[in-house]
Amino acid sequence: MNTEFLNSIIQRQNQQQVVPSNQMIANWAQSLLNLIFPERGASTNYNQEVLKGVFFELKEELQLILKSTKACNKNQYKEISDAFFDVLPEVYRKLNTDLISIVEGDPAAKSEFEIIRCYPGFFAIAMYRFAHELHLLDVPHIPRIITEYAHTVTGIDIHPAAQIGEYLYIDHGTGLVIGETTVIGNHVKLYQGVTLGALSVDKAKANSKRHPTIGNHVIIYSGATILGGETIIGDHSIIGGNVWLTRSVPEGSTVYHQAEIKIKESKKE
């Protein structure tokens, strides 16, 4: 083989940032989700002592992941792990609001069990909520690995830094993109193919607000694209399918894309 090619790979090996495998991190996040929502796994009957023990094992596993991630703050992996598990009851509460929004909003949803076990939207939201808390604790790499795993599994791409309120409803979700500086209020419904993105991909604007702000009680239908950090969608607005928006709309707006559809019937002989 070409020597220059081999040396290039060796150089990359020497420069590599040490992080546990993506699969190990994803397995930890899924194990945590399966524990707090036992509907996702086989039947269990834990008492409080056993449950505390399982949580302790997952906390120690997170400590190991953090300790093995060399970019993490030195010797702070235990404090970070403790802080994450301290806020876990609040994360659980928020996830239950998301669950309620799907139960009440989707006519096809037959039960909470079905949503927890089957719905990609709920899975993607859960992975985001775990990742977001780790992001707030300044953990490098791991939050993005968790949300990108969910992206791979569900087709739903939520950046861990996005700020999302309670009662989030994602229906179907395939192709949904929520960018890094997006802010989403409470009781928001998002359908498949929605993009909440940046108006510009200029690298110089990396630290600025590049993605839109979505108010409370907003519905955004499939295929809609909303771009720009200064774009604000007012409370109680409805954004129709295939709409392209780069400017703000006031509270209570209805925005729709009007396309002309023609049907031409073939002549029967």
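Quick caveat, the model's predicted, so the values are computed rather than measured.

Asks: Tell me what's going on with the sheet that holds strand E14 (residues 254-255), and back it up with residues and numbers.
Replies: A sheet is described by the order of its strands in space; here 5 strands give the open sequence E3-E6-E9-E12-E14, paired in parallel fashion. Strands at the two margins of the open sheet, each flanked by one partner only, are strand E3 (169-171) and E14. Here strand E9 (residues 219-220) runs beside strand E12 (residues 238-239); their pairing, made up of 2 bridges, is parallel. Note on E12: the bridge partner recorded for Ile219 is Ile238.

Asks: Break down the sheet that holds strand E4 (residues 177-178) for me, citing the residues and quoting the values.
Replies: Spatially, E1-E4-E7-E10-E13 is the arrangement adopted by the 5 strands of the open sheet, whose pairing is parallel. Two strands bound the open sheet, and with one partner strand each, they are strand E1 (157-158) and strand E13 (244-245). Pairing geometry for strand E7 (residues 195-197) and strand E10 (residues 225-227), over 3 bridges, is parallel. Residue pairing in the sheet places Thr195 in a bridge with Thr225 of E10.

Asks: Please give an account of the packing of helix H3 (residues 48-68) against helix H4 (residues 77-105) that cites residues and values.
Replies: With their axes 9 Å apart at the nearest point, H3 and H4 run at an angle of 140° to one another. The angle between the axes of H3 and H4 places the two elements in the oblique class. The chirality of how H3 crosses H4 is right-handed. Counting all contacts with H3, which are made through Phe55, Leu58, Lys59, Leu62, Gln63, Leu66 and Lys67, the residues of H4 involved are Tyr77, Lys78, Ile80, Ser81, Asp82, Phe84, Phe85 and Leu88. Class assignment of the residues belonging to the contact of H3 with H4 gives a composition of 9 nonpolar, 2 polar and 4 charged.

Asks: Please set out a nonpolar patch on the surface residue by residue, giving values where relevant.
Replies: On the surface, Met1, Phe5, Leu6 and Ile9 cluster together to form a nonpolar patch covering roughly 430 Å² of accessible area. Residue position: Met1 is located in the segment before helix H1 (3-15). Judged by its relative accessible area of 82%, Met1 is exposed.

About the criteria used
- Residues numbered from 1 in each chain as written.
- Predicted model: local features only at pLDDT ≥ 70, side-chain atom pairs only at ≥ 80, totals over all residues.
- Heavy atoms only, no water.
- Pairing = 2+ DSSP bridges.
- Helix = DSSP H or I, 4+ residues; strand = E, 2+ residues; numbered from the N terminus.
- Axes fitted to C-alpha atoms, helices over the stretch in contact; angles between N-to-C directions.
- Parallel < 35°, antiparallel > 145°, perpendicular 65-115°, else oblique.
- Left-handed = near helix turned anticlockwise from the far one by under 90°.
- Contact = heavy atoms within 4.5 Å.
- Nonpolar A, V, L, I, M, F, W, Y, C, P; charged D, E, K, R; others polar.
- Patch = residues over 30% accessible without salt bridge, like charges linked within 9 Å, V, L, I, M, F, W, Y side chains within 5 Å.
- Areas by Shrake-Rupley, 256 points an atom, 1.4 Å probe, with all protein chains shown as cover.
- Salt bridge = Lys/Arg side-chain N within 4 Å of Asp/Glu carboxyl O.
- Buried < 20%, exposed > 50% of the residue type's maximum accessible area, 1.4 Å probe, protein only.

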